[in-house]
Amino acid sequence: GQQVQQSPASLVLQEGENAELQCNFSSTATRLQWFYQRPGGSLVSLLSNPSGTKHTGRLTSTTVTKERRGSLHISSSQITDSGTYLCAMGRNTGANTGKLTFGHGTILRVHP
Amino acid sequence: SVLLYQKPNRDICQSGTSLKIQCVADSQVVSMFWYQQFQEQSLMLMATANEGSEATYESGFTKDKFPISRPNLTFSTLTVNNARPGDSSIYFCSSRDWGQYEQYFGPGTRLTVL
């Protein structure tokens, strides 16, 4: 079945440092979506892009579909960025439209 | 975008009982999805629910254990039958705008089975 691998599993930064989170997927995807999971469990959608680069605030998502990889760059990290970042791949056509396969996440801790 | 609401936020129940989790969308959506997440694990897709038809279940999930209803384009209910401690997890409903690349999730329902 489809698999999504995230790395690193955990990351510790000092406030102000940049973070680079990686996501590799085992089959062709037509979209990659990044989520932030709050400690209470709720999910926040961060960025979704089928390919190329997309920015929002301090976040940059880059997806290279042909190479089955994506990344999330967090610039100038803040303490409030601490939490779990999930990568999910999906398809927009065929029987699997709308289904997402999730990675296990990267736990980010930002210290002052 | 689509806003999804779930009820209850959390529940604690005894083994052997059944409970319902409701999901409401603020606009009509074609498909609703239900995901399960065990503590410190990834989210797993349980089933896909379209209006007026039986839900399609992923491997490891059955209609008898997790019946899903989808009576209209804004509502879905997931039932957990004969709940066991191993069912303790967070349950999320999800949907997307047709043609959009972004998927939306409800806030989740944290279930604890004693």
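Residues numbered from 1 in each chain as written. Chains lettered and ligands numbered in written order. Predicted model: local features only at pLDDT ≥ 70, side-chain atom pairs only at ≥ 80, totals over all residues. Heavy atoms only, no water.

Asks: Would you explain the pattern of salt bridges in this entry?
Replies: For side chains of opposite charge, pairing can occur when their charged atoms come near one another. All names here are of chain A. Summed over all chains, the structure comprises 5 salt bridges over all chains. One salt bridge connects Arg-58 with Asp-81, and the closest N-O pair in it is separated by 2.9 Å. Taken together, the residues span a long stretch of sequence, with Arg-58 in the loop between strand S6 (52–56) and strand S7 (59–64) and Asp-81 in the loop between strand S8 (69–74) and strand S9 (83–90) at a distance of 23 residues. Arg-69 is the partner of Glu-67 in a salt bridge, and the nearest nitrogen-oxygen pair spans 2.7 Å. Among the residues examined, Arg-69 registers a relative accessible area of 36% and is labelled partly exposed. (Salt bridge = Lys/Arg side-chain N within 4 Å of Asp/Glu carboxyl O. Helix = DSSP H or I, 4+ residues; strand = E, 2+ residues; numbered from the N terminus. Buried < 20%, exposed > 50% of the residue type's maximum accessible area, 1.4 Å probe, protein only.)

Asks: What's the story with the interface of chain B and chain A in this structure? I'm lost.
Replies: On the side of chain A, 23 residues touch chain B, which itself brings 20 residues to the contact. Both faces combined, the contact of chain B with chain A buries some 1700 Å², and carbon together with sulfur accounts for 53% of it. One can count 1 salt bridge joining chain B with chain A. For the pair chain B and chain A, the number of links is 9 residue pairs in polar contact (both at pLDDT 80 or more). Here the residues of the side of chain B that touches chain A are counted per class, giving 10 nonpolar, 6 polar and 4 charged. (Contact = heavy atoms within 4.5 Å. Buried area = accessible area lost by both parts, 1.4 Å probe. Polar contact = N/O pair within 3.5 Å; in protein donor to acceptor, adjacent residues only side chain to side chain. Nonpolar A, V, L, I, M, F, W, Y, C, P; charged D, E, K, R; others polar.)

Asks: Would you take a moment to explain the nonpolar core for this structure?
Replies: One recurring pattern in soluble globular proteins is that nonpolar side chains are buried together. By size, the foremost hydrophobic cluster in this structure holds 26 residues, and its most contacted members are B:Leu4, B:Trp34, B:Met46, B:Phe66, B:Ile68, B:Leu78 and B:Tyr91. Here the element with the most residues in this core is strand S3 (residues 19–25) of chain B; it accounts for 4 residues. Excluding residues that lie within four positions of it along the chain, B:Leu4 makes contacts with B:Cys23, B:Val24, B:Ala25, B:Met32, B:Cys93, B:Ser94, B:Ser95, B:Tyr104, B:Phe105, B:Gly106 and B:Pro107. Counting 20 residues, the second largest nonpolar core, distinct from the first, contains A:Ala19, A:Leu59, A:Leu72 and A:Met89. (Core = buried A, V, L, I, M, F, W, Y, C linked by side-chain atoms within 4.5 Å.)

Asks: Would you mind going over the sheet that holds strand S3 (residues 19–25) of chain A with me for this structure?
Replies: To summarise the sheet geometry, strands pair through backbone hydrogen bonds and adopt either a parallel or an antiparallel arrangement. Residues and elements named next belong to chain A. Reading across the sheet, the 5 strands line up as S1-S3-S8-S7-S6 and stay open at both edges, with antiparallel pairing between neighbours. With one partner strand each, in any of the chains shown, strand S1 (4–7) and S6 form the two edges of the open sheet. Each neighbouring strand pair of the sheet contributes to a mean axis angle of 15°, computed without reference to strand direction. Pairing analysis gives 6 bridges linking S7 to S8, with the strands arranged antiparallel. Residue pairing in the sheet places Thr-60 in a bridge with His-73 of S8. (Pairing = 2+ DSSP bridges. Axes fitted to C-alpha atoms, helices over the stretch in contact; angles between N-to-C directions.)

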